[in-house]
Amino acid sequence: MNNGKDVRSYKAQKVIDRMGQKLSRQIVGSLTACVHCGMCTDSCHYVLANPGDPTYAPAYKADLIRKLFKHHYDWTGKVFPKWVKAGSVYTDQELEELKDTVFGKCTNCRRCTINCPMGVDLATFNRMARGLLCHVGIMPEGVEYVAKEQWEIGNQMGVLKEDFIGTIEWQEEELQEEMQDPTAKIPIDKMNADIVYTVNPREVKHDPRSILDAAKIFYMAGENYTMPSEGWDMTNFGLFNGDDDLGGAVAARVYDNVRELKGKKLVMSECGHGYRSTRCEGPNWAKQDIEFEAESSVITMLRYIKEGKIKVDKTKNPGSYTFHDSCNNARSCGLTEEPRELLSLVVEDFREMYPNRAENYCCTGGGGAMSMSEYKSRRLKSGKVKAEQLSATGAKVVVTSCHNCVDGLTDIIGHYNVGMGVTQLVNLVANALVVDDRISENAMKYAGEEAVTA
Amino acid sequence: MSNILHFSEHTLQEIALVFMATVYFLRIKWFLKWTLGKERQPATGMGDTNPKKGARYSLGMIIKPWTMESTRTKPFMYAQFVLFHLGVVAAIALSFIIPYGPGLLKSAALVSAIQFMTGAAFIVGIMRIIRRISNPYMRAISSPDDHFSLILLTSWFAFASMAASNDISGGEGIMQTFFLLTAFFLMYVPFSKISHYLYYPFTRTYMGRSFGRRGVFPLRKKPAYDTV
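**Observations regarding the packing of helix 5 (residues 108–134) of chain B against helix 7 (residues 144–163) of chain B**
All names here are of chain B.
Then step 1. Taken N-terminus to C-terminus, the directions of helix 5 and helix 7 make an angle of 155°; their axes are 8 Å apart at the nearest point. Here helix 5 lies roughly antiparallel to helix 7, going by the angle between them. When the axes of helix 5 and helix 7 are compared, the crossing they make is left-handed. When helix 5 is examined against helix 7, the residues Gln115, Thr118, Gly119, Ala121, Phe122, Gly125, Ile126, Arg128, Ile129 and Arg132 are found in contact with a partner set consisting of Asp146, His147, Leu150, Ile151, Thr154, Phe157, Ala158, Ala160 and Ser161.

Here it is in structure tokens:
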């Protein structure tokens, strides 16, 4: 394809052309402002786990994208290309090499971003580069598969509507049994509910217990809520593959269903990228403002305790716990204090992990890394930093508010024999619930209302 | 003072300044033509911050090294950064003081201060050159512009330090070189990474507004809640 670097492949040309459409002033600022000071280098868990290999350095990775911008869109790069390391791509092989970096050497965790003295947001333009490659079909197979499922079936794990409803009904039966209340419901498509509860498909497919736990909490709080039978997937692979169109379509699907059901508030279960995508980035991708409230279930659960809607007993969760901040929750959405406050209410022994909050290290499963099996060994190697961080706490269980992190941490804990369990806040809150005579006052009231309605 | 030194101190500097300002104007115009991405998301986070607060915090982080792990854990690097940039300020000030306010240099204290700042910046510059060449990470990310800009500034600091006394009794060579370097510096800056300060207010403001809206900035170190 490359005839002495003067002929460009179709895909390479498409990547360059599309870059011009994707550049915002914020991204151009980040592409222009780097001074190669190297202060970001140590902030990356890939660098720390691969000492001596500069190809993992954030600034090095950034330059692979930056060189294209300089060559094609920045006139200093056009005038003095070699002087400022401007360059282009000509072959599909070069695009594959770029893919290896933007997908396989970065989880878009944004740790370098908050450590850059200049305010360069590498993660944002790394995501842009992913989107450019996906646009021409160059992406890890797992990313392609998941994105396709989300486009075509409406959720990233390809759960069919019947299977979703079947799982919810199964959990409803479990709820009735546990609460000893045959009228207990997990409502689906209930109109005018105060809360429309959306989840991660992983919960439906691999972890239905967390749906049951959430249902128990809603039940005990006497909440008027519903789950939608469509648009229930609040995760969004558009964040990972850089496809704003996918991101917008998935987010709009969730928003539209909240509107159709005339729900008052959208509550998202514990998922870092889902929360960021649906709560923060979705309105931008979908180019629409959302008129209803949207919050993480962490905040909902915390409010229930504060308002006395549920009672919890922290002695029901014995043992020692630490908390892992999801990058998307903490570094991109500021959700750092509420999970800690909630955790401190449901466990007796909470031990802080260092560094934490916005400075926490990635679980290594961020940026869709869990779906990129070709980079698994690289991911596990980079997990050394996280494993050391976990071990240093001395805790027996790590709590996180992200399904992706649950999987990432479980892998790391197993690989490095850390000897810890992984759980989420919803599980701990449900376990700590104080159920007076199995049915609280609120639950009685709720059951009564349901009976009247029936 | 010879005619050639007078030309270097005045006419050449003025031409270089006009050139730099023109290119900067075009550069900013080019930058602003890019569409500013709209932020539609409702505010997140604890609710005790906002875009303006975030932007102020973001812009001020550079003078608060404890706010970033990268500067907090590398105090020596941060000290180098401070000295290097103080040297830039001192050298730029000197390039205006000598032609337009030479009387100020009768103050031995001012001369000593400028010599100290530019001298320290020169030493830091040498250290930075060594780091950029010897550190494999720095070598991998460096462009010819990075190397040249650093060498140019380090040389400029050396001559600024020597020129601070504004004494040409021993010859005009040092003064002449300082002003020629200054003129070259002014004309080269807009095309090099040295112009990073032009983008700093933009990048940090955009980042701060976004992170302020999301409750990330100001970064939290201690609990911001009262346990029930």
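Continuing now.
**Observations regarding the layout of surface pockets**
Taking a probe equal in size to a water molecule and rolling it over the atoms shows the remaining empty space.
Residues and elements named next belong to chain B.
Then step 1. Computed from the structure, the second largest pocket encloses a volume of approximately 930 Å³.
Then step 2. Looking at the second largest pocket, it is lined by 40 residues, and the ones nearest its centre are Phe81, Phe84, His85, Ile194 and His196.
Then step 3. At the level of elements, helix 1 (3–32), helix 4 (75–100), helix 5, helix 7, helix 8 (173–188) and helix 9 (196–213) are the ones that each hand at least two residues to the lining of the second largest pocket.
Then step 4. In terms of residue count, helix 4 provides more of the lining of the second largest pocket than any other element does, 11 residues in total.

**Description of the side chain of Ser161(B)**
Then step 1. As for its placement among the helices and strands, Ser161(B) is situated in helix 7.
Then step 2. For Ser161(B), the contacting residues outside a window of four places in its chain are Gln115(B), Thr118(B) and Gly119(B).

**Remarks on the sheet that holds strand 7 (residues 397–400) of chain A**
Residues and elements named next belong to chain A.
Then step 1. Spatial strand order, 6-5-7-8: four strands in an open sheet with parallel pairing. In the strand order of this sheet, the two ends are held by strand 6 (349–351) and strand 8 (421–424), each with one partner. Within the sheet, the average angular offset between the axes of one strand and its neighbour, ignoring direction, is 35°.
Then step 2. Where helix 21 (residues 403–415) meets the sheet, its contacts fall on strand 5 (320–324), strand 7 and strand 8, and the angle it forms with strand 8 comes to roughly 175°.

**Some points on the interface of chain A and chain B**
Then step 1. At the junction of the two partners, chain A supplies 77 residues and chain B supplies 66 residues.
Then step 2. Counting each side, the surface lost to burial between chain A and chain B is near 6000 Å², with a carbon and sulfur contribution of 60%.
Then step 3. When residues of chain A are sorted by the area they lose upon contact with chain B, Arg25(A), Trp75(A) and Trp83(A) head the list and together hold 14% of the total.
Then step 4. Run the count over chain A and chain B and you get six salt bridges.
Then step 5. Residues Glu359(A) and Arg72(B) are paired through a salt bridge, measuring 2.7 Å at the closest nitrogen-oxygen approach.
Then step 6. The interface formed by chain A and chain B holds 32 residue pairs in polar contact (both at pLDDT 80 or more) in total.
Then step 7. Mapped onto the side of chain A that touches chain B, the elements with two or more residues apiece are helix 2 (25–33), helix 4 (58–73), helix 5 (75–79), helix 7 (111–114), helix 15 (272–286), helix 17 (327–333) and helix 18 (337–346) of chain A.

**Concerning the nonpolar core**
Then step 1. Core analysis: the biggest nonpolar cluster contains 94 residues, and Met19(A), Leu23(A), Phe69(A), Phe103(A), Phe125(A) and Leu94(B) have the highest contact counts within it.
Then step 2. Of the residues forming this core, the biggest block, eight residues, is contributed by helix 8 of chain B.
Then step 3. Ignoring any residue separated from it by four or fewer positions in sequence, one finds Leu94(B) in contact with Pro99(B), Leu105(B), Ile114(B), Ala160(B), Ala163(B), Ala164(B) and Phe178(B).
Then step 4. Residues Met179(A), Tyr225(A), Met227(A) and Tyr304(A) belong to the second largest nonpolar core, which totals 46 residues.

Thresholds, definitions, all that
Residues numbered from 1 in each chain as written. Chains lettered and ligands numbered in written order. Predicted model: local features only at pLDDT ≥ 70, side-chain atom pairs only at ≥ 80, totals over all residues. Heavy atoms only, no water. Axes fitted to C-alpha atoms, helices over the stretch in contact; angles between N-to-C directions. Helix = DSSP H or I, 4+ residues; strand = E, 2+ residues; numbered from the N terminus. Parallel < 35°, antiparallel > 145°, perpendicular 65-115°, else oblique. Left-handed = near helix turned anticlockwise from the far one by under 90°. Contact = heavy atoms within 4.5 Å. 1 Å grid on protein atoms, 1.4 Å probe; cavity = no way out; pocket = protein on both sides within 12 Å on 5 of 7 lines; lining within 4 Å. Points joined across faces, edges and corners; volume = space filled by probe spheres on them. Pairing = 2+ DSSP bridges. Buried area = accessible area lost by both parts, 1.4 Å probe. Salt bridge = Lys/Arg side-chain N within 4 Å of Asp/Glu carboxyl O. Polar contact = N/O pair within 3.5 Å; in protein donor to acceptor, adjacent residues only side chain to side chain. Core = buried A, V, L, I, M, F, W, Y, C linked by side-chain atoms within 4.5 Å. Buried < 20%, exposed > 50% of the residue type's maximum accessible area, 1.4 Å probe, protein only.

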